[in-house]
Structure formats: C-alpha cells, structure tokens
Amino acid sequence: MPNLSLFLAQLFNGLALGTLLALISTGLTIILGTLGVLNFAHGALFMVGAYVGYTVMQATHSFVLAVACGALFVLVLGVVIERGLIRLYYERPPEDQILMTFGLSIVIVETVRLIFTGISQRMAVPDWGSGIFNLGFMIYPKYRLIVMIIVVVTLLVLYLVLYRTRLGLVVRAGIEDQRIVGMLGLNVQRTFMVVFGLGAMAAGYAGVIDAPIVSVTPDMGQTVLVESFVVVVIGGLGSFPGAILGGVIAGEIISLTSMFNPAYSQVMLYFVMALVLVLRPQGLFGQEGRE
Amino acid sequence: MSLFSRRGLSLLRGGWRIEFAVAVSLLLAPYILPWIGFNADTMARIMIWGLFGLGFDLLFGYTGLLSFGQAAFFGVGGFVSAYLLVNGLVPNVFAALLIGTLLAAVYGALIGLLALRRVGIYFAMITLAFGEMSFFLENSPLSAFTGGENGLPGVPTPVLHLGFATIALKSGQWNMYGFMAVLFLIGFVIARRIVKSPFGAVLLAIRENTSRARACGHSVQKYKLTIFIVAAAYGGFAGGLLGILQAYMPPDAFTLQTSGQLVMQTVIGGSGTLIGPLVGATIWLYLREVLQHIPDIGALWKLILGAVFVILVTVFRRGICGEILRWGQRREALATNSPGATEVDPPRARSRSPREPATPEASRGSATDDAPVILETRGLSKHFGGVHAVTEVNFSVRSGEVRALIGPNGAGKSTFFKMLTGEHIPTAGEIYFRGDQITAQGPTAVSQLGMSKSYQINQLFASLTVRQNLTIPVLARQRGPFRLDMLRRLDRWGAVNRKVEEIMQLMGLAERADQPTSVLAYGEKRRLEIGLALAMEPEVLLLDEPLAGMSPSERADTIALLQELRIGRTLVVVEHDMDAVFELAEHITVFYEGEKLAEGTPEDIKGNSQVQDAYLGGMDEDELA
Amino acid sequence: MSNQKDNRVRRGVSRRSFIKTGLGTAGALMLPSAFLNSAWAKDYPSLGTFPAGASGDSVFVGLSIPLTGAYSATGQDEKHGYELAFEHINAGTGMAAMMDSLKGSQGVLGKKVEYGIGDSETNPNSAVQVQTHFIHDKNAIMISGCSSSAVAIAIEKLAQREKVLNMVGASGSNDTTGKDCQRYGFRSQPSAYMAGKALAPVVAKEIGKNVKVAYLVPDYTYGHTVFNSTQKFTEQQGWKTVSKVVVPVGASDYSSYLLNIANSGADVFVNVCFGNDSVASSKQAQQFGILDKMKMVVPNISPFQASELGADIMAGVYGTLDFWWTMAQRNEYAKTFVDAFDKKYGKKPRWTAHIAYLQSMMWADAVTRAGTFYPPEVIKTLESGKRIPSTLGEVYYRAEDHQMVREVPVVRGKSKSEMRSPEDYFEIVGVTPGETVMPPKGTFGCSLGGYT
C-alpha cells in the first residue's frame, strides 16, 4: 500500500543507498578510466576496508581511527597491488587484467576467511550515531544520516581533487585518451600508482563506514562488486558524474521497487541496465566511440 | 612404425591428427588416471566442464570475448532438460538435451544482443551482471519450475539403445564417463571444424584486431553474436549433461562461481587451444580433491588455487596447453630456420613481383578529365566537442585518378579518411561512392562496396601469420560480410588460397607466408598493411602515409609498388613525403586546419603561394621538429 | 577354550560354521568383533558399499561440510561435532558410553570409524562430487554433513541411488523429509513446519494473542516454507498478518525493505532470513528503531546469530533452534556432549555441531542394534520406532518420512544483564514435545524409495 509518506521515505533512502554506491563506483570508474583496468578485486578491497575498520574499532573503540586506518590500509594495499601486479599488465590486453584481478579477489577473500573465519563480525555503530532521528516525514537511523553526509562530503572532495588539481587534470585527460597522460610529459607510472591507490581507498573507505550497517563477512564484497558494475555501465565509462548519477539511480531503483515488489528490486537494476544498453550503450555520461 | 600403413600415417598427418590424439587420450584415460586418484565420477565431470569450456574457448580464446556470465546458459540448458525429463514431458534424453541446448542458445541470443553492444571490459561486466540476474530468476520467480534453491532432483539416467546392445548408464560408473567422453569428442570435433573454417578465421581476426576485421569488410557484430550463441549452446548442452550425470540439477549451476571456475580452468589449461578447458578442468578438479583431503589444508584449497591462478596468468598466460604448443612451434621454427638464415635480409618487393613495373610516364594521366567521379564528399565536417577537425570539405576524385592529400599534422587528413571509410560518422555532410550515398554506413559496408584503406599506423592481425592475415580480406571479398560456413574447410578452398598466394607474391611476402607478423621487418609490415587493403580488390584504395618510417630502399620499393597498383585503380594517398607525392599524384588536395586550402595539379600546388606560406613553411618546421 | 577354537579355524573349518557354533558361547564375545562381523556380512547380498566398506578393521564415513563460502563458520562447528562424535564412538566415551547399545564397546561393531571431510562450499554440486568420491574411492558406509536444504536434498538423492546410508546434517526444509525424502535419508533437525508449530503457542503465551505481525521473507523456497508454517500456526493463536515483505536473497542493505516493515504498524516483526542475511537485516532493523517498537521473532535462529549480533539486539528475540547448549542443565546426555565439546574446543557447541554429534550417535546405535552394516537392516532398525534416550530426551525416527520425532526448544534472547557467561545468549522458555508438532502423515508428499 504505497502512500505518500512511505514514498518520500523510500525516495530519501534511495538517495542514501545511492550515494554510498556512487562512492564505491567512483573508485572503480577512475581506475577504469585512467588505467584502463577493470578491477575485479574492487569488492574484495571494500571487504578488506570493513575488516580493518572492524579490527581497529575493536582495539581502540575509535570510529575515526577505524575509518582512517581502514582507508589507509586499503590505499597501501592498492599501491602494493598496482606496483606488484597491475604494473605488469599495462602492455597486455584488458582481458588479462580482468583475469588477474579476478584471481586476486579470490586470494584476498580466502585470506580474510583464514584470518577471521567465515563468521559475521560485529562492528558497533559509534555512540554518536546510535539512535534514530526524526526527519519530519520519516524517522531515520542517525548513523545512516551521518554516513550520507560523510559520503556526500567525500564525493565533493573527490570532485575537487578531480576538477581542481593537477592530478585530477591528469586523471580526466587520461579518461579522455590514455595516451595523453604520456604526452603531457607526466610521470605516468606514479600517476597510475596514485590513481589505483585512490580508487582502492574509495572502496576501503566505503567498506569501513558501511561495516556498522551490513554484516561483515568475507563474501560481503561480491554484491557490492556486481552493483558497482551495473552503476558504471549505467553511468558510462570512467565518468565521475556518471558514477554519481548511476549510483543514485541504482539506489532509487532498489528503494522504489521495494515499495511495490521488494523481491524484484535487484532484478529491476539489471532491467534498467539492459534498457540503458539498448537506448544509450555508452552509458548516460559515456562518450561515443570509447570502448 | 611398420604397424602403421603409409595411408594410415598420412591420414594422421592430414588434418585429423589432433582429433585422433584426443580420442586416444580419452580412451586411455580410464586406464591411467585412476592410478593417481581419479574416479569415474570426477572424470565424467571433467568431460562436462570440457564441453562447457569448448564453447567458452571459441568465445574467449578464439574471438577474444571474455564472458563472466556463461553460467546462465549452463543453467538454462540444464534446468530446461532436467525439467522436461523429471516431469516426463519429453521421455527421450537426447530430445530433452536438444531442447535445453536450443533454449540456452535462444537465451544466449537475447543476452548477446544486449551485452555485445559493448566490448572488452564492458562486455565482461555486463555478462557478469546478466549472469547474476539469471541466477536470481532461477532462484525466485521461476522456482516453481526449477525448485528454487533446492534444484531439481530425479533426473533419469539414460538407457542407450545402440541396436547391438542396451546400456543402462549409471552415475559414478565408467559407462557414464564413456557416454560423456563420446559427447565431448563430438563437441570437440565440431569445435575444431569451426576453428578451421573460414568462419573461424574471421573469429581469430576479430580477436586480434576487431576494427581491422571490420575494415576488411566483415560484419563483426554478426560473427560475435553467432559465436556467443554457439558458446551458449555448448554451455546449455553441458548443463543438461550435468543434470543427467548426478540425477540432480543443482541451482549452483547458475552462480558466478560456476562462470568464474570456467574462466579459470580455461585460462589454466590454455585458452585458444580447445583442449585447454578440458586440461584445466582436470587440473582444477584434481587439485581441489587432493588439496581438500590433506588435513589442515582442506579449507585453504581455494586460496591455493587462486594464488596459482594469479601466478599463472602473470607468467604463463598461454596456459599449459598454450605453452606446450608454443614450445613445439618454436622448436619447429628453429629447425626450419637455422640452415637457410636467409631471413635476415628479406627479399624486396620488386624482385618478387611477377609483373614488370609500369613506368611512371606510362601510367600517369590514366584518369582522363571526363572519367566519371567515383568518390565525392559534399560539405563534410567532423567536430569533436568544440574541436573542428574537418570543416565543410567538398572533394571529388575521378575513376582511375591518383590523388594526394597533403597538409601539416593536425590538418584533418586522417579524420577525413576515417569518414570516407565509415570509421567516423560525419557531423555534417555526405559522402558518395559511385554516385551512391555511403555516409555513416560503417567500415564493413564501405569495404564491401569497394573502397579500402591502409592505415598510417600498422593495423595487422598481430599474432597471425602473413598468410592468415591476408586470408581475412580475401574471405570478405569471396564470401561477403557474413556467412555461416562454420563447417567448411578453409584449407580446401582453392580460390581463396590462390588469391592469398597471389597477393603475397605481389607484395613480396611469399617467403614469410607462415611466419607471424611479429617477426617481420618494418618495411615488410608496411607492405602487409597495404596488402590487407589491396586484398579486398578495392576500386578505390586509400593509403594513409604509406611511406612513413621507411628506409630509403624500402621507400623506393614502395613507390614502385604504388605505381603498379594504380593500374586499374583509383588511389587516394595521404603523404608527407613531397617528392613521392609529386612523383605519384595527378592531382593534389591541400588541407589546412580542417579546411580544403587548395587543389590542383602538382605544378599548380608547387606554385601556389598560399600553400607555400601556410603549408610548406609549416612543414619545414615539422620536418625540423 | 578360545585358543582351541582358533586352532580349529586354522585347521580349515569355514568361518561361517565356526561362527554359527561359537556364537552362543561366551567365548565368542571375546573374539575381535571385526572377525565376527565379516562373517555376518556373508549373510547379506552386496549392496552399495556393502560389504566392501565393512570388511576391514575400520569403516569410513564421508562428510561434506562447507569449509569455504557463506556457511564456513557453521561448517567449522559442524566439523567439530563430527570429530567429537567419532572420537567418542571410537573410544567408547561421551554419549557412546551412556547408550545401551554402545556402552562398553569401542567403535561400531568393533570397527574403528574413520572419516574424510570434503568441502561442499554450500553448493550441492560440490557436495555430490565430494560424496561420490568418498563412496567410490573410500567405500564410505555412511555419508553425512550439509549446510543447506539444497545440499541435503542432493546428498539424500545420491545416497538413495548409491544405497549408502545418509544421516542428514543441518537442513530445516519440509522437503527434506517431505517430497524429496528418501529411504536412505534420516533427519534430526526440526522441519520448518515443526519449528512453526512449536513456536506459535509459546510466543502467543509470551507476547500475547491479539497482535499484528509483519514478516520479512527471503525469496527462496525455504523462506516461503518457513513463512507459511509460521503464519499458519500463529494465526491459529490469533495473530494477524499485516505485512509480508519478500526480499531477494543475499541482499546486504535491507533499509528499503525495513521501511515497509516500519510503516506497517505491526506489533511483532517476524524475521525469516537465515545466516548472514538474518544478521544484516536484524542489525538494520534495530538501527531503524523497529526493535524498539516491535518484538522480533526469528522462527529458525542461525547457529551463530546471537554471537554475531550481540545481546543488545538479541535480547527479547523469540525463536526456535535445534539445540541450545544450556539444555545441558536438564539432560545428562546433553551435558556430556556440551562439556566434552567445551573441553576439546574451548567453546560451546552450536546446533550444527549438535546435529552432527547426535546423528552420528544415532547411526552408531542403529548399526550396533542391527548387528550389521547392511544398509536395509540398519534402515529397518532406525525405522523401528524404538525410543532412544538422547541429548533431546527420548527420540525416534518416524518410519513414514524418516523425520526424527523430538522435542523442539523455544528460546528468548537474554539481555546482557541476564547473561551469566559470555555465551549465555538464550533462555529456554518452552520445550514443545515432538509428538505434538509432527505434521500429519503424508502432509508433504513423502514417498520413500526402495530398500534395495
């Protein structure tokens, strides 16, 4: 029985879901755009972020520290992966990179399972985030509200980095045409390393802040990976605005569908993806001709 | 040796060698592999994975399309067959398998039409997403038919009536393995035929260089869709067998893990070998079984296999079969190459040409001023965002003419060429070829109509041999943009092979016929590049900087070759080498900043002060820089 | 005396005639049982892995357990349950020392029980592969272990085909002893129907009779089954369903579904989700303030749900489970099991370990009472309906569908202050006797296959 207040509530919730998806997808999309690497281990990095955050939270009871450590750890892990493995793949076909990162994701997931077992870990909501908040038209968990604000701020920061810094210029130029990065006389190696690290960090960071909401298990990244793929396909290759819009669209689809037939909320996502592929195969913000 | 008759040996050498070897291996396997712990059940499963992998290898190994959603077809075929059998709707096992296979193919067509709208990385992502969607559909909305997460138990095991004997297959018994092995062999033979067919040759071309395959006049999209459907059918058939094998159709057939395992097995065994997926499955299932029964390692088997996979992809991307094949080829190449050592200084094009070169004087002026206009553009423009690469160019070439396009770097010549061939869609304006509009028809159609281009930067089918390279355009010429000749044998198609031979002779590449392009010298690669365009037998041949980067002797050879090619053809050449331009061209069109600056005979252009100011000056700088 | 008889055997008298004459004598009991059994084996035709699997000094049991994948934690627990059971059976200690049939003996019919563990990945295909390996290569005389109904059904089917006894592990679906039941499969866990029927009167008494209910139902067969039986039996108690939200399996964020629940105006929130889905959805329900407004009922509580969610969320939650370790306080068998488990692994068993332990014991008991490993005889013994004292009081398998008739505990989550030890998450608020919760015969269309 859809009514107005539920509709508004779902609309708002869709936005909250969407911003988080947008953050995760941004990480995927800047790596994809700049390095031309589709990181199949993106979901696994999200999961690692959650586990590191959980561990730090257990030890220090400081959420801020947990977020910082989680994000930094995944940043470092990202850099290590880039230097140790991805680097060897720049001259190889994109399919090889997919294969390798796919294998890598299995290694990461199973390693975490080895350390933490498969049991779901409990990361508490920080004290300032517990309880609910009355928005007037609905009540909403305080933590989710704060997360939404944090994510929006993070996306703004990312926007500034991408559109107002030299690094951002390189990343965007690279998305336009990967050869440009080299032509600009920039240190391609270092740029790639930094971008991969940043993209990984976005996933890890999202993982930590999502950890108090979802159940923290080694397999938690798989759904996230698939959803972020859908977001990127909808939004368009390597497009920052595309990832944001795609994320919000995905969030709204899940939320609004669940008002009518919740079981189909996931499948609607694929349906919309198919629709985009038919009507605008390059994605909403994708450029024609870029493959 | 004496046991084999001469005829038998030649039969083995001729074409069926691999099939024979595989059949013998499948026959011997039950007598050997159990010694190291294989059982009938595992081996029957390997056959199913092998069949599943045959389709995937055609798709990924041969066509270069990496799909992470093959489980969808495995599942559809499996559940349709199982449903029909369990509910007694179709009593015959083979009929049920066939229906399952067909429906998997139909589903493949549906997904393929969507997923193939994107390529490469995107294709992988989209197939993965559709795979997940299929799993959801099986699990929830269709659970009344599929049993949801419980799957479909009670798939009857077939009884074979062979006329002379009736065999009741039994799961876990060797007769089940035999059944699966025979079906695998049939699937393998069919896949081999596809690979060796003209259709298969085009698939390889698509893998190696999709845009060039398109430019050679093949309807790439149709080939991709077809092979996607074929792969889906293989998957569906294998899925049907899985239900039969264990009398139970499991829902996990649909999961991402299934697709992932298929990909990993194929890569471990060696993609692009057909037998690779089978070998990969053998190793995967064996290690899985061995590792998980070792105390304290049990739960680590996936981690270990994952790590092995990462290392393998990084170091031995060809996989086990691929590396063995390469090792064999290298040995062979070493054996054939060492005595001659003639490869260092490849023969020049001229000396190999069967025809005497036409002198420039004789051929010059072959296009009379009243010859019909063969190629014309009206107001042709191309904008990239705010950049106006080409602006309102009106351009026409008469049949038989040699036209040069000159202009400094960035003048829009290459963009203009790309619009002519259909690679770029013009922002405005029209293109006419023999009086017909061909604007935005795409490279395949343009090439089939009779206009092809050699590229500024070599666009070869890199890991194919010279012969295979040249076969691709010849096939497009012989059989049009698309034909379903999957079972025709390419090596027995005389007309095609003769034509390829002829072009290799003409281009001076005959001695290099069976070498991969990677070992060619630069000049040879350039000649092959032109040969690819020429092999389409175009009426209009576009040449984008044919002389770029050549040594003086290579340059001289190529100019002579061009003089020969002009006979009976229209040539449009983009070139920076002014001496060559003035030697070759009857008319010259000058581009400057996206616009047509001037047009006329070489003499007109030489004397044109505008051109000198804008272009020749600029070009000196270019040359200096 | 026994020496004399030994000599007679060496002199060439057939084993069978020797056994027939010697069986009645006390001396025969002192002979190695293995010897005795190999003689008995000859009385039965060969079937499945019999007699090959029962001819040596030991018998082999094949276990397919999720070591990787979503259920690896419960798999670990289940594995410990089996390890402990076979250790006890082989040593004649633990519950084996308390059962009439096994008392004083080591192993089963004098044979040591060996076992192998393969990874089922919570994946029927892998489980079948693993068990096929055990049956064909190790002559497994019994197979067990699973983590989901899908695996249970697949393994039961395999067992029936291969004529190898299957003591079903964790599986709560009605189908396991319903439409997919098999002659060779026996299950101890309560079905969804039994859980619902046991739960309803207890929660109606505890929460009230006139309440509105909202359901969160995972969209797969198991979810719908649990929903149906819970709804059916609670409505008989006067509960009213006001909302049913069906959600995709494996979702990680339930916010949009929970908004519907929050909006439903219900008094009770029945969360049918299982495993990680249940953990995530319960946690998020609490964050949405749903647990402040509504009582939560989880019809089938996952093994690690309480420790994964913590007492904050689990306090006041009602539900059923196969077994909770504090049942040790009211049952000697349960106490023996829980203490031994705690001693060996340093933690309390969850119900997955309990199923593994109990089912192994029931098997060993039945084989011993049958006096042979010949499957049809063992099955007939299990079907005989003899009451066996166990961790769950007196139990037996119903001959018609092989469902164990056993008590079903109904629990309520304790608040942190009520907990007397770190793992003391539940209070047992009711134990519904097995006979009262059984479905009428034939309800789920069980048709057992043949013995041979």
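Residues numbered from 1 in each chain as written. Chains lettered and ligands numbered in written order. Predicted model: local features only at pLDDT ≥ 70, side-chain atom pairs only at ≥ 80, totals over all residues. Heavy atoms only, no water.

### Some details on unusual backbone geometry
Alright, step 1. Residues Phe50(C) and Pro51(C) are joined by a peptide bond in cis, for which omega reads 5°.
Alright, step 2. The topology assignment puts Pro51(C) in the loop between helix H4 (33–41) and strand S1 (58–65).
Alright, step 3. Even without a glycine there, the phi angle at Glu537(B) is positive, about 50°.
Alright, step 4. As for its position among the elements, Glu537(B) is in the loop between helix H21 (522–534) and strand S11 (540–544).
Alright, step 5. When its relative accessible area of 33% is taken as the criterion, Glu537(B) is described as partly exposed.
Alright, step 6. In this structure, Asn139(C) is a non-glycine residue whose phi angle is positive, near 50°. (Helix = DSSP H or I, 4+ residues; strand = E, 2+ residues; numbered from the N terminus. Buried < 20%, exposed > 50% of the residue type's maximum accessible area, 1.4 Å probe, protein only.)

### Some details on the domain arrangement of chain B
Residue and element names in this part refer to chain B.
Alright, step 1. The domain boundaries assigned to chain B delineate domain 1 (40–254), domain 2 (371–450 + 540–625) and domain 3 (457–537).
Alright, step 2. Between domain 1 and domain 2, the contact holds six residues from the first and four residues from the second.
Alright, step 3. Each partner contributes to the roughly 380 Å² buried at the junction of domain 1 and domain 2, and carbon and sulfur atoms together form 51% of this total.
Alright, step 4. The largest contributions to the domain 1 side of the interface with domain 2 come from Arg214, Ala215 and Gly217, which together make up 80% of the buried area.
Alright, step 5. Across the domain 1-domain 2 interface, the total number found is zero salt bridges.
Alright, step 6. Linking domain 1 with domain 2 are five residue pairs in polar contact (both at pLDDT 80 or more), by the criterion used here.
Alright, step 7. A breakdown of the residues in the side of domain 1 that touches domain 2 according to their chemical character gives two nonpolar, three polar and one charged. (Domains from an automatic or database assignment. Contact = heavy atoms within 4.5 Å. Buried area = accessible area lost by both parts, 1.4 Å probe. Salt bridge = Lys/Arg side-chain N within 4 Å of Asp/Glu carboxyl O. Polar contact = N/O pair within 3.5 Å; in protein donor to acceptor, adjacent residues only side chain to side chain. Nonpolar A, V, L, I, M, F, W, Y, C, P; charged D, E, K, R; others polar.)

### Describing the pattern of salt bridges
Alright, step 1. For the structure shown, the criterion picks out 49 salt bridges over all chains.
Alright, step 2. Notably, a salt bridge pairs Arg288(B) with Glu121(C), separated by 2.7 Å at the nearest N-O pair. In this pair, Arg288(B) is assigned in helix H12 (residues 276–292) and Glu121(C) in the loop between strand S2 (112–119) and helix H6 (124–138), connecting two distinct chains. Taken individually, Arg288(B) and Glu121(C) each receive the classification buried, so the pair is uniform in this respect.
Alright, step 3. Between Lys499(B) and Glu502(B) there is a salt bridge, with its nearest N and O atoms 3.3 Å apart.

### Digging into the sheet that holds S2(C)
Residue and element names in this part refer to chain C.
Alright, step 1. Strand order in the open sheet formed by five strands is S2-S1-S3-S4-S5, with parallel pairing between adjacent strands. The sheet is open, and its two edges are formed by S2 and strand S5 (185–187), each paired on a single side. Ignoring strand direction, the axes of neighbouring strands in this sheet form an average angle of 25°.
Alright, step 2. Sheet topology places S1 next to strand S3 (residues 142–144); three bridges connect them, and they run parallel. Residue pairing across strands places Val61 opposite Met142, the latter belonging to S3.
Alright, step 3. Lying on the sheet, H6 is in contact with S1, S2 and S3; it crosses S1 at an angle near 170°. (Pairing = 2+ DSSP bridges. Axes fitted to C-alpha atoms, helices over the stretch in contact; angles between N-to-C directions.)

### Describing the environment of Tyr223(B)
Residue and element names in this part refer to chain B.
Alright, step 1. Inspection of the secondary structure puts Tyr223 in helix H10 (residues 220–246).
Alright, step 2. Considering only alpha carbons, one finds Tyr223 and Phe482, 259 residues apart in sequence, at a separation of 7.3 Å.
Alright, step 3. Other than its neighbours up to four places away in sequence, Tyr223 contacts Phe199, Val202, Leu203, Ile206, His218, Arg479, Pro481, Phe482 and Arg483.

### A look at the sheet that holds strand S6 (residues 212–218) of chain C
Residues and elements named next belong to chain C.
Alright, step 1. With respect to topology, seven strands assemble into an open sheet ordered S7-S6-S8-S9-S10-S14-S15, the strand pairing being mixed. In the strand order of this sheet, the two ends are held by strand S7 (240–247) and strand S15 (426–432), each with one partner. In this sheet, adjacent strand axes meet at a mean angle of 20° when their direction is disregarded.
Alright, step 2. Two strands pair when backbone bridges link them, and strand S8 (residues 268–271) and strand S9 (residues 295–300) are joined in this way by three bridges, in the parallel orientation. In the sheet register, Val268 faces S9, and the bridge partner there is Lys295.

### Considerations on H21(B)
The α-helix advances 3.6 residues per turn, and as a result positions three or four apart in sequence lie on the same side.
Alright, step 1. Over its 13 residues, H21(B) runs 18 Å from end to end, which matches the ideal 18 Å to within 8%, given 1.5 Å per residue.
Alright, step 2. Along H21(B), 11 of the 13 residues are buried, which leaves the element largely enclosed by surrounding structure. (Expected span 1.5 Å × (residues − 1).)

### Some remarks on the packing of helix H5 (residues 72–91) of chain C against helix H15 (residues 332–345) of chain C
Residue and element names in this part refer to chain C.
Alright, step 1. Here H5 crosses H15 at 110°, and the two axes come no closer than 11 Å. Of the possible angle classes, the one that applies to H5 and H15 is roughly perpendicular. Contacts between H5 and H15 involve Asp77, His80, Gly81, Glu83, Leu84, Glu87 and His88 on the former and, on the latter, Phe337, Ala340, Phe341, Lys344 and Tyr345.
Alright, step 2. The residue makeup of the contact of H5 with H15, split by class, is five nonpolar, three polar and four charged. (Parallel < 35°, antiparallel > 145°, perpendicular 65-115°, else oblique.)

### Observations concerning the packing of aromatic side chains
The description of an aromatic ring pair uses the distance of the two centres, along with the angle that the planes make with each other.
Alright, step 1. Enumeration according to the criterion identifies 56 aromatic pairs over all chains in this entry.
Alright, step 2. Plain terms: the ring middles of Trp49(B) and Phe74(B) are 6.0 Å apart, the flat faces sit at 25° to each other, and that makes the pair stacked. Highlighted residues: Trp49(B) in helix H2 (residues 40–62) and Phe74(B) in helix H3 (residues 71–86), separated in sequence by 25 residues.
Alright, step 3. Relative accessible area serves as the criterion here: at 2%, Phe74(B) is assigned to the buried category.
Alright, step 4. Each residue in the set Tyr71(C), Tyr220(C), Tyr222(C), Phe274(C) and Trp351(C) is aromatic and connected to the rest through ring pairs, giving one cluster.
Alright, step 5. Just above the ring of Phe582(B) sits the side chain of Lys606(B); from NZ or CZ to the centre is 4.5 Å. (Phe/Tyr/Trp six-rings, centres within 6.5 Å; stacked < 30°, edge-to-face > 60°. Lys NZ or Arg CZ within 6 Å of the ring centre and 35° of its normal.)

### Considering the nonpolar core
Alright, step 1. Core analysis: the biggest nonpolar cluster contains 390 residues, and Leu58(B), Phe184(B), Leu216(C), Phe269(C), Trp363(C) and Phe373(C) have the highest contact counts within it.
Alright, step 2. Judged by nonpolar contacts, the second largest core, of 24 residues, contains Ile374(B), Ala389(B), Phe417(B) and Met451(B). (Core = buried A, V, L, I, M, F, W, Y, C linked by side-chain atoms within 4.5 Å.)

### Some details on the interface of chain A and chain B
Alright, step 1. Between chain A and chain B, the contact holds 44 residues from the first and 39 residues from the second.
Alright, step 2. Counting the surface chain A buries against chain B, the share from its top three residues, Glu95(A), Leu99(A) and Phe102(A), is 16%.
Alright, step 3. Seen at the junction of chain A and chain B, the total is one salt bridge.
Alright, step 4. Put simply, Arg317(B) and Asp96(A) hold a salt bridge, and the shortest N to O gap is 2.6 Å.
Alright, step 5. For the pair chain A and chain B, the interface holds eight residue pairs in polar contact (both at pLDDT 80 or more).
Alright, step 6. Counting only elements with at least two residues in the side of chain A that touches chain B, the list comes to helix H1 (4–35), helix H4 (94–116), helix H9 (221–235) and helix H11 (265–279) of chain A.
Alright, step 7. Considering every element that reaches the side of chain A that touches chain B, the biggest residue donor is H4(A), with 14 residues.
Alright, step 8. For the side of chain A that touches chain B, a count of residues per class yields 31 nonpolar, seven polar and six charged.

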